[in-house]
Amino acid sequence: MDVRGTVADEVEVRSVSTSYGETDLAEVQLVRTETGAAGHDERSLEDPEPTTVTLWNKWTESAELLEPGMELLVTDAETDDYRGETRYKTTGESYVVVEPSFLVNVTAIRNWTECPRLYYLNKLSGVPLNYPVVKGTLVHEVFGDLLRGRELEESIDARVEERGLQLGLLGEDPESVAEDVRQNAKAIEGWLEQGRLTEEDRAAPAAGNSERAFSPAESSWRSEQLLISETFGIRGRADAIRRGAPVELKTGKNLKKEPRFKDKVQAACYALLLEEHGGSVDTGTLLYTKNSALDRNEETGDLTPAKEFSMGDGLLKYVVRLRNEIAAAEVAGDVPTGYEGNATCEYCFEQDTCMVVSGRLDQESKAGQIGQPLPAEEREYFERFSGAIEAERREVHREYAKLWEQDAQERADDDRALIDLEFVERRELEAGRWELRARRTGGASSKLREGDLVLASDGHPVRGQSELARIERLDEDGVVLTADEPVAVTRLDVYPSELTTDRLLVALHDMLLKGDERRKDVLFDRANPEFDAPDETFVDNNDAQDEAVRKAVGARDCALIHGPPGTGKTHTIARAVRAMVERGERVLLSAFTNRAVDNALEAVLEQLGDAIDEHRVVRVGSESGVREDMEPYRLERAGDPDERLAELEDARVVAATTATCGSRVMKEQSFDAALVDEAAQLTEPGTFAATNLAERFVLVGDHEQLPPVVRAENELTESLFERLVDLHPDAGVMLDRQYRMNQRIQAFPSREFYDGTLRPAEPEVAGRTLDDLEGVSREALPADLRDPVAFVDVEGDGSRYTDSEEAARVAELIDAYEAAGVDRADIGVIAPFRAQVSELSSRVPPEVAVDTVDRFQGSSEEVIVVSFTATGTLEGPIFEDYRRINVALTRPKRALVLVGDSRALSADPVYGRMLEWART
DNA sequence: ACTCTGCGGAGAGGA
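None of these values were measured; they are calculated from a predicted model. (Residues numbered from 1 in each chain as written. Chains lettered and ligands numbered in written order. Predicted model: local features only at pLDDT ≥ 70, side-chain atom pairs only at ≥ 80, totals over all residues. Heavy atoms only, no water.)

Caption draft 1: Quick look at the confidence of the model for chain A. Mean pLDDT over chain A works out to 89, with 94% of the residues at or above the 70 mark. The model gives residues 36-44 a pLDDT under 50, and that stretch makes 10 contacts with residues more than four places away or in other chains. (pLDDT = per-residue confidence, 0-100. Contact = heavy atoms within 4.5 Å.)

Caption draft 2: Looking closely at the sheet that holds strand 17 (residues 434-439). Overall, antiparallel pairing links the seven strands, which are arranged 15-21-18-19-20-17-16 in an open sheet. The open sheet terminates on both sides in strands that have one partner only, identified here as strand 15 (417-418) and strand 16 (422-428). As paired elements, strand 19 (residues 466-474) and strand 20 (residues 478-483) share five bridges and run antiparallel to each other. Bridge pairing in strand 20 places Leu474 opposite Val479. (Pairing = 2+ DSSP bridges. Helix = DSSP H or I, 4+ residues; strand = E, 2+ residues; numbered from the N terminus.)

Caption draft 3: Structural context of the domain arrangement of chain A. Taken domain by domain, chain A consists of domain 1 (3-35 + 46-98), domain 2 (107-205 + 217-321), domain 3 (398-499), domain 4 (529-735) and domain 5 (743-747 + 758-919). The C-alpha centroid of domain 5 is placed 32 Å from the C-alpha centroid of domain 4. Counting from both sides, the interface comprises 14 residues of domain 4 and, opposite them, 12 residues of domain 5. Taken together, both faces of the contact between domain 4 and domain 5 bury some 1100 Å²; the carbon and sulfur share is 50%. The largest contributions to the domain 4 side of the interface with domain 5 come from Pro565, Gln705 and Leu706, which together make up 48% of the buried area. There are zero salt bridges connecting domain 4 and domain 5. In this structure, the connection of domain 4 to domain 5 is made through five residue pairs in polar contact (both at pLDDT 80 or more). Residues that form the side of domain 4 that touches domain 5 fall into these classes: five nonpolar, four polar and five charged. (Domains from an automatic or database assignment. Buried area = accessible area lost by both parts, 1.4 Å probe. Salt bridge = Lys/Arg side-chain N within 4 Å of Asp/Glu carboxyl O. Polar contact = N/O pair within 3.5 Å; in protein donor to acceptor, adjacent residues only side chain to side chain. Nonpolar A, V, L, I, M, F, W, Y, C, P; charged D, E, K, R; others polar.)

Caption draft 4: View of the nonpolar core. If you look at the biggest cluster of nonpolar residues, it comprises 85 residues, and the most contacted ones within it are Leu512, Met666 and Leu699. A domain-level breakdown of this core finds at least three residues from each of domain 2 (107-205 + 217-321) and domain 4 (529-735). Aside from chain neighbours lying at most four places away, what touches Leu512 is Leu374, Glu378, Tyr381, Phe382, Lys520 and Phe524. Ranked by size, the runner-up nonpolar core spans 57 residues in total, among them Ala26, Val53, Val97 and Ala271. (Core = buried A, V, L, I, M, F, W, Y, C linked by side-chain atoms within 4.5 Å. Buried < 20%, exposed > 50% of the residue type's maximum accessible area, 1.4 Å probe, protein only.)

Caption draft 5: Seen up close, the protein's contact with DNA strand B. Around DNA strand B, the structure places 58 residues, and the nearest of them are Arg237, Leu499, Asn594, Thr657 and Val709. The share of sugar and phosphate among atoms of DNA strand B within 4 Å of the protein is 60%. In this structure, a phosphate oxygen belonging to DNA strand B sits 2.7 Å away from a side-chain N or O atom of Tyr270. Tyr801 is positioned such that a nitrogen or oxygen atom in its side chain is 2.6 Å from a phosphate oxygen of DNA strand B. In terms of residue count, the dominant contributor to the surface near DNA strand B is helix 4 (residues 131-147) (five residues). (Near = heavy atom within 4 Å.)

Caption draft 6: Quick look at the packing of helix 4 against helix 5 (residues 152-162). Taken N-terminus to C-terminus, the directions of helix 4 and helix 5 make an angle of 140 degrees; their axes are 9 Å apart at the nearest point. The orientation of helix 4 with respect to helix 5, classified from their angle, is oblique. The handedness of the crossing between helix 4 and helix 5 is right-handed. Contacts between helix 4 and helix 5 involve Leu138, Glu141, Val142, Asp145 and Leu146 from the first element and Leu152, Ser155, Ile156, Arg159 and Val160 from the second. (Axes fitted to C-alpha atoms, helices over the stretch in contact; angles between N-to-C directions. Parallel < 35°, antiparallel > 145°, perpendicular 65-115°, else oblique. Left-handed = near helix turned anticlockwise from the far one by under 90°.)

Caption draft 7: Seen up close, the packing of aromatic side chains. Taken as a whole, this structure holds 13 aromatic pairs when the rule is applied. Chaining the aromatic ring pairs together yields one cluster made of Tyr801, Phe833, Phe868, Phe879, Tyr882 and Tyr911. Lying across the ring of Trp59, Arg321 places its NZ or CZ 5.7 Å from the centre. One Lys or Arg, Lys551, reaches over the ring of Phe531 and ends 5.3 Å from the middle of that ring. (Phe/Tyr/Trp six-rings, centres within 6.5 Å; stacked < 30°, edge-to-face > 60°. Lys NZ or Arg CZ within 6 Å of the ring centre and 35° of its normal.)

Caption draft 8: Quick look at empty space enclosed by the protein. Taken as a whole and assessed by the stated rule, the structure comprises three cavities of 30 Å³ or more. The computed volume of the largest cavity comes to approximately 90 Å³. As for the largest cavity, its lining consists of Ala831, Pro832, Val853, Val866, Ser867, Phe868, Ile878, Phe879, Arg884, Ile885, Ala888 and Tyr911. Broken down by secondary-structure element, the contributors of at least two residues to the lining of the largest cavity are strand 34 (861-867), helix 29 (877-880) and helix 30 (883-889). Ranked by residue count, the leading element in the lining of the largest cavity is helix 30, at three residues. Its residues assigned to classes, the lining of the largest cavity comprises 10 nonpolar, one polar and one charged. Taken as a whole, the second largest cavity holds about 60 Å³ of empty space. Residue lining of the second largest cavity: Arg503, Val506, Ala507, Asp510, Cys661, Gly662, Lys667, Ala689, Asn692 and Leu693, and that is the complete set. Looking at the lining of the second largest cavity, the element that brings in the most residues is helix 14 (residues 499-514), giving four residues. Of the residues in the lining of the second largest cavity, the class split is five nonpolar, two polar and three charged. (1 Å grid on protein atoms, 1.4 Å probe; cavity = no way out; pocket = protein on both sides within 12 Å on 5 of 7 lines; lining within 4 Å. Points joined across faces, edges and corners; volume = space filled by probe spheres on them.)

Caption draft 9: Representation of the environment of Tyr270 in the model. You can see Tyr270 is positioned in helix 8 (residues 261-276). Here Tyr270 falls in the buried class, since its relative accessible area comes to 4%. The sequence separation of Tyr270 and Gly236 amounts to 34 residues, and the corresponding C-alpha distance is 7.2 Å. Not counting chain neighbours up to four residues away, the residues in contact with Tyr270 comprise Val106, Gly236, Arg237, Ala238, Pro246 and Glu248.

Caption draft 10: The sheet that holds strand 22 (residues 558-562), seen in detail. The strand order across the open sheet formed by seven strands is 24-25-23-26-27-22-28, and the pairing between neighbours is parallel. The sheet terminates laterally at strand 24 (617-619) and strand 28 (732-734), the two strands that pair on one side only. Ignoring which end each strand starts from, the neighbouring axes of this sheet average 15 degrees apart. Across five bridges, strand 26 (residues 671-677) lies against strand 27 (residues 694-701) in parallel orientation.

Caption draft 11: Representation of helix 32 (residues 909-919) within the structure. Among all positions in helix 32, only Val910, Tyr911, Gly912, Met914, Leu915, Trp917 and Ala918 are buried. Buried-residue contacts for helix 32 involve helix 24 (743-753), strand 31 (789-793), helix 29, helix 30, strand 35 (892-900) and helix 31 (902-906). Between a side-chain oxygen at the N-terminus of helix 32 and the backbone nitrogen of Val910 the separation is 2.8 Å; the capping residue is Asp908.

Caption draft 12: Representation of the UniProt feature "domain: DNA2/NAM7 helicase helicase" (unreviewed entry) in chain A. UniProt records the feature "domain: DNA2/NAM7 helicase helicase" (unreviewed entry) for residues 542-637 and 648-711 in the present numbering. End C-alpha to end C-alpha, residues 542-637 measures 41 Å, and it is 43% helix and 14% strand. Helix makes up 28% of residues 648-711 and strand makes up 31%, while its end C-alpha atoms are separated by 34 Å. (UniProt positions renumbered as here; feature names shortened; annotations may be inferred.)

Caption draft 13: Inspection of the environment of Pro763 at higher detail. Relative to the assigned elements, Pro763 resides in helix 25 (residues 763-766). For the pair Pro763 and Thr337, spaced 426 residues apart in sequence, the C-alpha to C-alpha distance is 65 Å.

Caption draft 14: Structural view of helix 18 (residues 594-608). The terminal C-alpha atoms of helix 18 lie 21 Å apart, and with 15 residues this matches the ideal 21 Å at 1.5 Å per residue to within 8%. Residues of helix 18 that are buried include every one of Ala596, Val597, Asp598, Ala600, Leu601, Ala603, Val604, Leu605, Gln607 and Leu608, and no others. Following helix 18 by one or two positions, Gly609 has its phi on the positive side, about 50 degrees. (Expected span 1.5 Å × (residues − 1).)

Caption draft 15: Region of the structure containing the side chain of Thr687. Along the chain, the position of Thr687 falls in helix 22 (residues 684-691). According to the relative accessible area criterion, Thr687 is buried, its value standing at 0%. With near-sequence residues (within four places) excluded, Thr687 lies in contact with Leu682, Leu699 and Leu720.

Caption draft 16: Broad picture of a negative patch on the surface. Side chains of Glu151, Asp157, Glu161, Asp173, Glu175, Glu189, Asp640, Asp642 and Glu643 sit close together on the surface and give a patch of like negative charge. Looking at the negative patch, the elements with two or more residues in it are helix 5, helix 7 (174-207) and helix 19 (641-649). By secondary structure assignment, the location of Glu189 is in helix 7. According to the relative accessible area criterion, Glu189 is partly exposed, its value standing at 36%. (Patch = residues over 30% accessible without salt bridge, like charges linked within 9 Å, V, L, I, M, F, W, Y side chains within 5 Å. Areas by Shrake-Rupley, 256 points an atom, 1.4 Å probe, with all protein chains shown as cover. Lys, Arg positive; Asp, Glu negative; His and termini not counted. Charge placed at Lys NZ, Arg CZ, Asp CG, Glu CD.)

As C-alpha cells, this is what we get:
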C-alpha cells in the first residue's frame, strides 16, 4: 500500500544491528493524507495523530532531507505492528518520494547528477545562444521527423529554415549547418535501418505483409511524448520510445563502451515515467550520433552509435533519491554548494563561472570562490529577490500539482480546463504533426486562449493519453489544435510554465553580475542619476511632456515619467523615441503586456511617419501575441539567416514584451536606450529584463494604478518604477495635464491619488459633456444622470461575486443612455469580479464593452458604468487596493455612473469620500 | 476571499 502524509517532527537516522548486519533506518512521524483517488479533499481525511513510517537502508538518505511540514510518499509500504501500534515500513519494492507534488524536470535531474551546483548555475544564468546547442536541437528535431515518417532531406531543409534567425545571430551558413546535421542524421538513419529489420521480423508473422516498407509511424515507436509522473514527481519528454523503452539521442561523441552516467540517469527518469504509465522497463538505449557510421563498427566493435544498457532497480531508486534532493532543496529554498555530489571541479566546463558566482555572491562552493564579493546591499538584494522569485516558482509548481489534485469539474470551475469536449476529427499535417478538432458542449469560460500551449488529453491530463498541443483556434463552438500525436481530445488543461520565473532569475543575475557599475550605483542609491540638457523643445503646448522628453533624451542613467490617466504618456514615449532615433540611437521599446507594447509601437509609428523606412522598426514576439495590425513589423524566426539577422540588427526601434527581452535572441541585442511603458505593472527583475539590454533607460508608468500581478505575496509586488520615483524624485517628471476626463470626473481621483495636481489640459477637456457628442442630449436623460458623475444606490442581492440586481440596474442605465442618443460602442461597464462581468455581459448589448477593472486599465470610453458588486460590506482583497478604484474611476471621458450599495461603500473611508463626491 | 499576462513545451552540448 501507499502511505502519504506530512512530516510531523524532526527526523533522525540511526543504525541498528539486524540479522543482515549493521543497517540504517529512519523513523518518520507522518500525519497521513489520503493517496490515490482524484477529487478527494485531502484535508478532510487527515488524521491528526502521526503514524510512524520506517525508512530502511538507502532511503535514509532521503530521510535526511526531511523537515517538518514536508510531504512524503512511500509506495508499497508494509504494515508493521509494534507493541500494539500500527506502523509502516518500506519494502524492497518501495519508493520514497519527498514532496511528490513538486514536479522535477528530467534535465534538472541530469544536471544535478553531474553537479548540483551546475543545476543551480543553469537556473541562475541561463544557457546562452550557442551553436552546439542549436545543432543538437536541430538533430533532435530531424530525429523526431524521421520517426514520424518524414523524408530526411526535406526534414533537414525545413528544420534549418525554421532556425534562420538563430543561425543568423550565430553567423552560421545554412548549407554547412545542413551538412553538419546530415552527418549526425546518417548515424540515426543507419540505426533505424537496423531497427527496421527487427521490426519487420516482429511484424511479419502477425501482419503477414512483410513486403510492406517500414514506417516508424506505424510501428511500436513513439516520439517526443511529454510524460508526467504524479507518484515520482518527475516530468520530461523522452526523445523516443521504442517498444515501451526509452531511446535518448545524443549529438556528441562517446567512444567508451558504456553510456555516460548522466545519460543513463536521464534514460532512467524516462523509465520511471513510463512505469507510471503502465510500462515495465528494463533497458534503455542511448544513441551517440557523432560516433562513426555503422560500417566502421565491424572492426572496432564498440563504435556503434547505439548503446543499450539494462536498468536495474538500484538505478531507478538512485534516480528517485536524486530527484528527492532537488525537490527538498527547491522547497526549502537552499542554494546547492556542490558538496552534495561527487563531481570533480577541475574537469568542469563551468568551473570559472561557478567560482565567479560563488565569489561575487559569497556563496559556499566546492569549486571555491574568486573575486571580491558584491557590496552587502547588493547581496542582500539578491537574497531577497531570488527568494521571491523562487516563491513564485513554487506557486507555478502548485499549479502543476493541481493537474492531478483537482478533478475535472473543479478545474473547469477554476477556469483551468475545458472539459466535456466532443472529439471531431484528426488530420495529418506535414512533418507528421496532427491537427485535432473538438466541439465544445458547454459555454464554460476558461483562461485558455489562442496560441496557448495546453495539455490535450482523452480524459485526464496526467493519467490518460495526453500530449502537449497548441491552440490554433478557439471559439464558442469548438477548438482546433496542433500536436505531435493524434490524441482523441476531450479535455484541455492549462499547462503551467516556469519560463517567466526562469527569465526573472536570469534578469536579476545579469543586472547584478553582468550589469554596469554606474547603473548599480544609481539603483542602490550610491549615486544620483545625471542628465544632459538637450537644447531643444520637443513638445510645444505641454511643459511637463516637453520636460519628460528632454529628461528621456538627456538621461545618462535613467529617467522616470509618471503619467496619470489620460496625460498622454504614450504620446510622450513616442516623441522621445523619435528624438532618440533622429540622434542616431537604437531604441528598445518594451512593456509587460503585448497590448501595451503594440499601443506604444503604434504611437511610435505615427511619430516616425514617413521616416519609418529609414529608421527600421521591428516587433519581436509570437504570432498570437502581436496585434494583427502590427504583424507587418513582426520579425519572423524562420528564413534565410542573413536576411533575418539584417532585419533585426538594422532595426533602429525594436519592440518586445519584457518576457521576450529575456529570450536568447533578444539577449544578443544591445541598445542605447530602453523605454519601458506601463512600468508600474512590472516587478523589479521583470524591468531588468529590458533595461539590461540598454545603456540607459526610461520608465513610464503610474504607481497609483494597478501593481504587478504576482502569485506569491512578496517584494515582487512593488515595481522598480515606484521604488525609483521615491529614491530619485529628481529623475522623474509627472505629466500633470490630462486630456481625457471632464473636470467633475477628474476631481476626486486628482485629490485622492495625485494630491490635487492632476488637472485638465484644456478648457475643452474640463467642460466636455455628452452634449458634445453627435445626436446626444443630456436633457433626454433621467435627471439623476445628467451630471457627469452620478451614483445609483442598489441594495444588492447579497451574493458574493455577482449581483443580479446591480446587473439589471446597469442594463436599464445603458438603455437610458442609448435613448439619449449615446452609441452603444461608446459605453463601458466595469466590475471587480469576473463572475459579475459575465453576469453583466449576458444582460447588456454586445457592443458595450464589459470587463474587469484590471483589464480596463489602459483604455477609456465616453461613458463608464461601474458595478461595485458589494452588498453590506466591502470585505475582500479586491476592494482593499485603492489603486483599483483609481483605475475604474478614470476610464470615462464624459460620464461616470457608480452603481452599488451605499451602506457598504460608506463603511470605508476612501469609498466613503468617493460616495460623497459622486452625490454632490 | 480576488484580480491575471507572459512564455518555443523541454532539452539541446561542450571534456
